[in-house]
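Now for the letters of each chain:
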Amino acid sequence: MRTPLLVLGLVLVSLGYSALQLQYLRSEYSVEQFFPVGHPLLASHDRITKTFRLNQSSPFLFVIELKTEGAWVEPANVERLKKISQGFAAREDVAQTLSLTQVEGATTSGSELVVGNLFDRVAPGNWRQAVTADTLLGPLLVTPDFRATLLAIEPKSKTNAARELTLAPLSADLQAAFPDAEIHTAGVPTLQAKLSAMIQSELLKFLAAATFLFCLLFALVFKHKGPILCAFVVLGVCNVMALGFTSAFGIPMNAPLVTLPIIVSVSVISLLIHTFHLWAQRSHASTFIGRWHEAFAICREIALPNALGIATTALGFLALAPSTIPLISQYGFTVAFVLAVVALMGHLCLLLALPLVNTQLRNWVDRPALWSLWSLSHPRKVVVAVLLLTFAGPWGLVRLNFSSKLFDDLPSSDRTRASMERVDREFGGVVSLDLEAHAPTKGFWREKGNLARLQKTAESLRRMPFVASVLTVSDFFGGRMPASQGEVAETFFLFSMAEKNPMGSYMTDDGQKLRLALRTRDIASKDLNQTRSEIQAQLQNEWPQVQWSEGGLGAYAHAINSEVAQGLIRDFWQPLALIGFALIFIFRSFKWAFLACLPNLVPPAALLVTLALTATEVKPGIAVIFAIALGFAFNNTLYFLNRLRLMEDKQDPEALQHALLEEATPCLLESIIMFIGFATFLGSAFHMNQTFGGFMLISIVAGYVADLMFLPALLKLLPSFSLKPVAVTASVLLCVGATSVYAL
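Residues numbered from 1 in each chain as written. Predicted model: local features only at pLDDT ≥ 70, side-chain atom pairs only at ≥ 80, totals over all residues. Heavy atoms only, no water.

Along the protein, the regular secondary structure elements total 29 helices and ten strands. Counting only C-alpha atoms and orienting by the principal axes, one finds that the protein spans roughly 105 × 50 × 40 Å. A burial count over the protein gives 58% of its 744 residues as buried. Across the protein, every contact between residues at least 6 apart in sequence was considered, and the portion connecting residues at least 24 apart equals 81%. Just so you have it, the protein exposes about 31,100 Å², and 61% of that area is on carbon and sulfur atoms. Of the charged side chains in the protein, 57 are positive and 55 negative, and the gap between their average positions amounts to 6 Å. (Helix = DSSP H or I, 4+ residues; strand = E, 2+ residues; numbered from the N terminus. Buried < 20%, exposed > 50% of the residue type's maximum accessible area, 1.4 Å probe, protein only. Contact = heavy atoms within 4.5 Å. Areas by Shrake-Rupley, 256 points an atom, 1.4 Å probe, with all protein chains shown as cover. Lys, Arg positive; Asp, Glu negative; His and termini not counted. Charge placed at Lys NZ, Arg CZ, Asp CG, Glu CD.)

This part is about a nonpolar patch on the surface. Nonpolar side chains collect at one region of the surface, where Phe-212, Leu-216, Leu-220 and Trp-364 lie side by side and expose about 440 Å² of accessible area between them. Among the secondary structure elements, Leu-216 is positioned in helix 8 (residues 188–221). You can call Leu-216 partly exposed: its relative accessible area is 44%. (Patch = residues over 30% accessible without salt bridge, like charges linked within 9 Å, V, L, I, M, F, W, Y side chains within 5 Å. Salt bridge = Lys/Arg side-chain N within 4 Å of Asp/Glu carboxyl O.)

Turning next to the sheet that holds strand 7 (residues 431–438). The four strands are arranged 8-9-7-10 in an open sheet whose pairing can be described as antiparallel. The outermost strands of the open sheet, each flanked by one partner alone, are strand 8 (467–471) and strand 10 (547–551). Averaged over all pairs of adjacent strands, the angle between strand axes in this sheet comes to 25°, irrespective of strand direction. Strand direction decides the pairing type here: strand 8 and strand 9 (residues 513–520), joined by four bridges, are antiparallel. Bridged to Leu-471 within strand 9 is Ala-517. Along the sheet, helix 20 (residues 525–542) makes contact with strand 7, strand 8, strand 9 and strand 10, crossing strand 7 at roughly 20°. (Pairing = 2+ DSSP bridges. Axes fitted to C-alpha atoms, helices over the stretch in contact; angles between N-to-C directions.)

Compared with an ideal rise of 1.5 Å per residue, which puts 28 residues at 40 Å, helix 12 (residues 326–353) spans 39 Å between its outermost C-alpha atoms and is within 8% of the ideal. The buried fraction of helix 12 amounts to 22 of the 28 residues, a majority that puts the element mostly inside the structure. (Expected span 1.5 Å × (residues − 1).)

Turning our attention to the nonpolar core. Nonpolar side chains in soluble globular proteins tend to end up buried together. Counting residues in hydrophobic clusters, the biggest one holds 234 residues, and the most contacted among them are Trp-445, Leu-516 and Phe-678. Looking at this core, the element that brings in the most residues is helix 12, giving 17 residues. Each residue touching Trp-445, except ones within four places of it in the same chain, is listed here: Ala-437, Ala-439, Leu-451, Leu-454, Phe-492, Met-507, Gly-511, Gln-512, Lys-513, Leu-514, Trp-543 and Val-546. Counting residues in hydrophobic clusters, the runner-up holds ten residues, among them Val-386, Ala-606, Ala-706 and Leu-714. (Core = buried A, V, L, I, M, F, W, Y, C linked by side-chain atoms within 4.5 Å.)

Scanning the entire structure with this criterion turns up 21 aromatic pairs. When the ring of Phe-222 is compared with that of Phe-276, the centres are 5.7 Å apart and the planes differ by 90°; the resulting orientation is edge-to-face. Within this pair, whereas Phe-222 is found in the loop between helix 8 and helix 9 (226–248), its partner Phe-276 is found in helix 10 (residues 260–280), the two being separated by 54 residues in sequence. Using a relative accessible area of 1% as the deciding quantity, one classes Phe-222 as buried. With 5.7 Å between their ring centres and 85° between their planes, Phe-317 and Tyr-331 make a pair best called edge-to-face. Residue Phe-317 is located in helix 11 (residues 288–318), and its partner Tyr-331 is located in helix 12; the two are separated by 14 residues in the primary sequence. Given the relative accessible area of 1%, Tyr-331 is considered buried. The lysine or arginine in question, Arg-446, covers the ring of Phe-492, its NZ or CZ lying 4.8 Å from the ring centre. Positioned above the aromatic ring of Tyr-506 is the side chain of Arg-515, whose terminal nitrogen or guanidinium carbon lies 5.0 Å from the ring centre. (Phe/Tyr/Trp six-rings, centres within 6.5 Å; stacked < 30°, edge-to-face > 60°. Lys NZ or Arg CZ within 6 Å of the ring centre and 35° of its normal.)

This is the structure:
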């Protein structure tokens, strides 16, 4: 009796520790999570940022909308905005603020040059006309009807959690200062905070839905309540441990890791269904100790296929670990580690539960799976159809759509997304595109003639369809270029006397480097790339002596996202090779390992074809499906091949048919389990999660067809292909050689 108590103690201690760690679990989302470290495009952006002393952090954006037209050129409202802006700028948790009342420019009054805020240097009666003519204000900080203005506040904190703490009092103070206004919150930090909160709620929703559906499935498979209760408890224990250990290592729940509870649940239920199915087919002793020993024997008998099923899934994720993208690497390591913990704890829970559970199967499950023999009756049709689908995979690969927007992850009905779209539409765009101009000589951009040409260039760029705003040094002259070089020099001198020279963000002190600060609409990457090409062509034509380089979100985000997504899809062979290499040692046969890998080319091919036909926007969060799908695809393959090997060891003349009859139903249940688990993503509020769930379902169906129809039909047509082991040394050499050739 001592051994069961030791197992129970180990499970309870692990569960208690994990439960205590859950209080530290946090969620996190960032637009830049999928960016690799040290990418050349990021290096170019960082160089421009340092050259012009730009802020790395994105600000909170508040749209303050009053009811009357012209409200933001009324002195009372301008004074209120000035007061609240100064108050926010003085806060310890705020780095800087930008509002309509804080932008400095230059105007001439008679023979005098005046530098300062527009509302201080222009009479109130002329405010509307002056603001409309000022490119520093008009398109960026106030709407044409002067009903809404934009207030940008950059927090000092860099972490999402600290920013959320800053956001709440800012919103409250704004509402108190403008009780007659509607306040809309936008900006990248707001978007990230909202998505972080939604990730946590989605995590709980997926877990609850999957648990309910799995318990319902068990009610359809087993006659008694014991297996249902056992599934509920083991699912709860394993998910608490998975999330607890993740929290203990300080790993936040991010966009990819929201799939973790489903991955854990599918793996646990798969382990339970196969073990219970075998337990139900055996007779049992009447005492607990007797049943304990029987449970130990059952767990030992099925340990290899169970372990292989989870191990191949873990290897599929572990293949992501060498990625240069920290988020993807962390995701691969985390899921692989958690699955190892789940495999151990799941088996320990089974040892405790099996002696107490009556696992009598319902009649439909216990019948021989005669329907599975159809593929053996029509092997040629099955093999040809599946091979045609597989060979269509490369056709789909070259037709994938990697063009997407940056800020469309939130549901279309969400208020934060609506505010973001309004800022994009009415306040000069949300996607930054910085163009650095390196002139051949110092002082080049301080010359009057070059400034006049620069102003014309900026006006021309503003007329491009997707360019929402353009700012540069010439805009600080208030729409009127100086009449002489002396007036230019005086303007630059007066701005340099300011506590913080605003021109420093647009031109270096020596006048050799200049920054054109563009903002574009949040458009699909193909449209943005076309716009960037047109901009570069125009600039090279108008300024052939100047060297131009790009920075900003628009210069690198789309390109890197596309590159990462293509890499995740193109490199799906890496987990396939890793799993195949491991199977050589497990099966002690290269042929067996090759045979196990062959049907698992079908799910990726099906995904490629479907993604191409539906023209789905492929982001990194969608491309990661290939690694997940490949890991799960091996489960049924291994259960079927393990059963076939046992039949062949017994020299069964009908080994293929008998193995298929015995494993078809458990493998069907396994596929239903995966189908149910990933179907929960269809109820997500995120379009990306819905897409992820839909394509995982396609992958699961393709995997079942490949494992339980294509593979038996292929073995029927090629019986001589089977299954005599070859030496492990030769197997290793063959596998390494084949993998190297494929990689090259």
